[in-house]
Amino acid sequence: MYSKRLHRALADYLGLGLALIVLIAFFATTTDYFFTLITFRTIANQIPDAVIIATGMTFVLIIAGIDLSVGSVLALGGAVFGLAITSWHFPLFLAAVLCIAVGMICGAVNGVMVAKWRLPAFIVTLGMLEAARGGAYLVTTSKTHYIGTSVEWITARGMMGLSVSFLIALFIVIIAQFILSYTIFGRSMFALGGNEEAARLSGIPINYIKTAVYTLCGGLAALAAVIHCAKLTAADPNAGIGYELQAIAAVVIGGTSLMGGRGSVINTFIGVIIIAVLENGLVQMGAQDPIKRLVTGAVIIIAVVLDYYRRRP
Amino acid sequence: MIRVKITLLLVLTAILSHGCSNCGNSKSAGKETAKPRVALIMKSLANEFFLTMEEGAQAHNAVHPEYTLFTDGIKDELDVNRQIQLVEQMMARQINAIVIAPADSKALIPVCHRAMKSGISVVNIDNKFDKEVLSERGIHIPFVGPNNRKGAYLAGSYLAKQLAKNDLVAIIEGIPSAYNGIQRKLGFEDAMNEAEIHIVSSQVANWEMAKANRIASAIITEHPNLKAILCANDSMALGTVAALRAAGKLEQIQVVGFDNISAAQELLNKKELLATIDQHADQLAVFGIEFALGMLESGEIPSDHETPVDLITATAAT
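This structure is a prediction, so every number in the text was calculated from the model and none was measured.

A. The overall build of chain B, seen in detail. Across its full length, chain B holds 11 helices and 12 strands. Counting every position in chain B, which comprises 318 residues, the buried fraction comes to 55%. A separation of at least 24 residues holds for 73% of the contacts in chain B among residues at least 6 apart in sequence. Taken as a whole, chain B presents about 13400 Å² of accessible surface, with 52% of it coming from carbon and sulfur.

B. Representation of the overall build of chain A in the model. Scanning chain A from N- to C-terminus turns up 13 helices and two strands. Its C-alpha atoms give chain A a radius of gyration of 19 Å, within 12% of the compact-globule value 20 Å for 313 residues. Dimensions of chain A, computed from C-alpha atoms along their principal axes, come out at roughly 55 × 55 × 35 Å. In chain A, the proportion of contacts linking residues at least 24 apart, taken out of those at least 6 apart, comes to 77%. Total accessible area computed for chain A in this model is approximately 13600 Å², and 73% of it derives from carbon and sulfur atoms. Counting 19 positive and 13 negative side-chain charges, chain A places the centres of these two groups 9 Å from one another.

C. Examining the pattern of salt bridges more closely. This model, assessed by the stated rule, comprises 17 salt bridges over all chains. We note a salt bridge from Arg214(B) to Glu279(A), for which the minimum N-O separation is 3.1 Å. On the criterion of chain membership, the pair formed by Arg214(B) in helix 8 (residues 209–222) and Glu279(A) in helix 12 (residues 265–285) is interchain, its members lying in two chains. We note that Arg214(B), like Glu279(A), is buried. In this structure, Glu173(B) and Lys185(B) form a salt bridge, with 3.5 Å as the shortest nitrogen-oxygen distance.

D. Broad picture of the packing of aromatic side chains. All names here are of chain A. Per the stated rule, a full pass over the model turns up seven aromatic pairs over all chains. Ring geometry for Phe27 against Phe34: centres 5.4 Å apart, planes inclined by 45°, an arrangement best described as tilted. In this pair, the class of Phe27 matches that of Phe34, namely buried. Among the aromatic side chains, those forming a connected cluster through ring pairs are Phe26, Phe27, Phe34, Phe35 and Phe40.

E. Here's a closer look at the interface of chain A and chain B. With 43 residues of chain A at the interface, the matching set in chain B holds 41 residues. Between chain A and chain B lies a buried interface of about 3600 Å² when both sides are counted; carbon and sulfur atoms form 56% of it. If you sort the residues of chain A by the area they bury against chain B, Phe122(A), Tyr146(A) and Leu232(A) come out on top, with a joint share of 18%. Counting across the interface, chain A meets chain B through one salt bridge. In this structure, the connection of chain A to chain B is made through nine residue pairs in polar contact (both at pLDDT 80 or more). In terms of residue count, helix 6 (residues 121–140) of chain A provides more of the side of chain A that touches chain B than any other element does, five residues in total. The residue inventory of the side of chain A that touches chain B, partitioned by class, reads 15 nonpolar, 17 polar and 11 charged.

F. How the structure looks around unusual backbone geometry. Residues and elements named next belong to chain A. Within the chain, Ala64 stands out as a residue other than glycine whose phi angle is a positive 65°. Note that Ala64 resides in the loop between helix 3 (48–62) and helix 4 (70–86). Residue Ala64 is classed as partly exposed on the basis of its relative accessible area, which comes to 37%. The phi angle at Arg118 is positive, at roughly 55°, despite the residue not being glycine. Take Arg118: it is sitting in the loop between helix 5 (92–116) and helix 6.

Cut-offs applied
Residues numbered from 1 in each chain as written. Chains lettered and ligands numbered in written order. Predicted model: local features only at pLDDT ≥ 70, side-chain atom pairs only at ≥ 80, totals over all residues. Heavy atoms only, no water. Helix = DSSP H or I, 4+ residues; strand = E, 2+ residues; numbered from the N terminus. Buried < 20%, exposed > 50% of the residue type's maximum accessible area, 1.4 Å probe, protein only. Contact = heavy atoms within 4.5 Å. Areas by Shrake-Rupley, 256 points an atom, 1.4 Å probe, with all protein chains shown as cover. Rg over C-alpha atoms; globule rule 2.2 N^0.38 Å. Lys, Arg positive; Asp, Glu negative; His and termini not counted. Charge placed at Lys NZ, Arg CZ, Asp CG, Glu CD. Salt bridge = Lys/Arg side-chain N within 4 Å of Asp/Glu carboxyl O. Phe/Tyr/Trp six-rings, centres within 6.5 Å; stacked < 30°, edge-to-face > 60°. Buried area = accessible area lost by both parts, 1.4 Å probe. Polar contact = N/O pair within 3.5 Å; in protein donor to acceptor, adjacent residues only side chain to side chain. Nonpolar A, V, L, I, M, F, W, Y, C, P; charged D, E, K, R; others polar.

The following block contains the structure:
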């Protein structure tokens, strides 16, 4: 039984990994400089915010929920972070903590509404999408705030040319996968997503789990905001528009089910890489914007179709 | 379940975009008939550029109380439908003149034509109306605004002086359907062609900082000998500079922007940005309003009026 599951998980990773290798091989042959260490370093240093958001989104989708507010929460968190540093002269660490706290509060509001009042997550988080964006504009007075170089070390290169932010993202992926696979909390998430009524009847505190998952997702979106701001050395109230859909796309490419009960953070991580490789490769090919969108859309659809066949016994 | 979600999304989008269609309409209409009533209709008020524009107009109105100013804008720069509703609402409020920054250079013409027929003076700012559609309808709406192509050419030429013949550069474009985005790209190209500098890549980043950051990273990897990146606005220049900093290429690659937003000024001071263009955003709406007031007084429809664009360089910005 256990070996069968392992076998299946391995097959999952292999399938996605293979798709990634095919993509890389394609771009390596069609462009001059894609297959270089610089490209992979660039991609590694660009994806941390997307990876962190997608990790939170994976949790939410596993419990059969959805969180549309992550992009706006990122903007609000970033706005608070930027202002805390430039106007209130907070030390970096404190500003980051404040930012993450703001994100967790947004997430907790989502979670409590969804769990306690049984409101559809789609509506609640759509409301938060608007509200948090409004908050971001209010906090920044709709202006881009230049933060300066004090935050740059987060995205500066640490080990082997990889940025600190990439290492943070990697750490979060590993911890999140560990939680999913080896803790009661993780197991309860799968149970809840698979069959909520059955999970409740078997004594799983579903309200607590839901609230915790949405709070985590909000907190992770705000952590992504810190990295996003550090990367751009600026807090932009228009940041993160459409990130919720990008995150959902990455999670779905990674084979997590929108219906809940199934998913893996490591696969999500590969999903994010696939999207980043696509974008980088297409730019290096000199493809124009409409083509890029067409291809990215097609890849998402193909991933879902493949998933349909992979799921069948 | 998915279908339910999609239906809900559609319903909610409809509510969000139309739910407020009557807000602000209740304010008393036309008590002071002597004062001209001027409406300023802008694009996204979430954009710093239009916010500056609105603040400039309100400051002007405070000093010149001889006209009444109504300002409004849409939530999203591409929400054409909502902007058409705004024009209709302003017509209902017995406005004498409309100064508009259209979200679309074609789709807003019919409603402005209707406004003109009802005796309202219309002045076009920021995004220029499409010439062919205007002439097809046999009307003329005066455009008051900067020459984006000229501005981009100024920035490009200044950059060209720092470069040598046959150097390689790249362009990062705004939204490809936007008139000012197209004009800026053309202006950059004019300057580069004149100096015989090669444009090796030109990519769309939709005016967005984060997208420009990703695109610039990919471009500099593909073209290791690149000497400069020309960005169609400052937000994208900010994203590009961050990408260069991350790649350790700030010394090798020069960046120019457009708009002179406050965050870009700090980059100019640090010499990480070579130049940007100031098209006096705070004055753009004011130029339009003054022009509209002139039209109300004379009763004529004058031709287009070009407003100044200035080159701001690293040394000049202090």
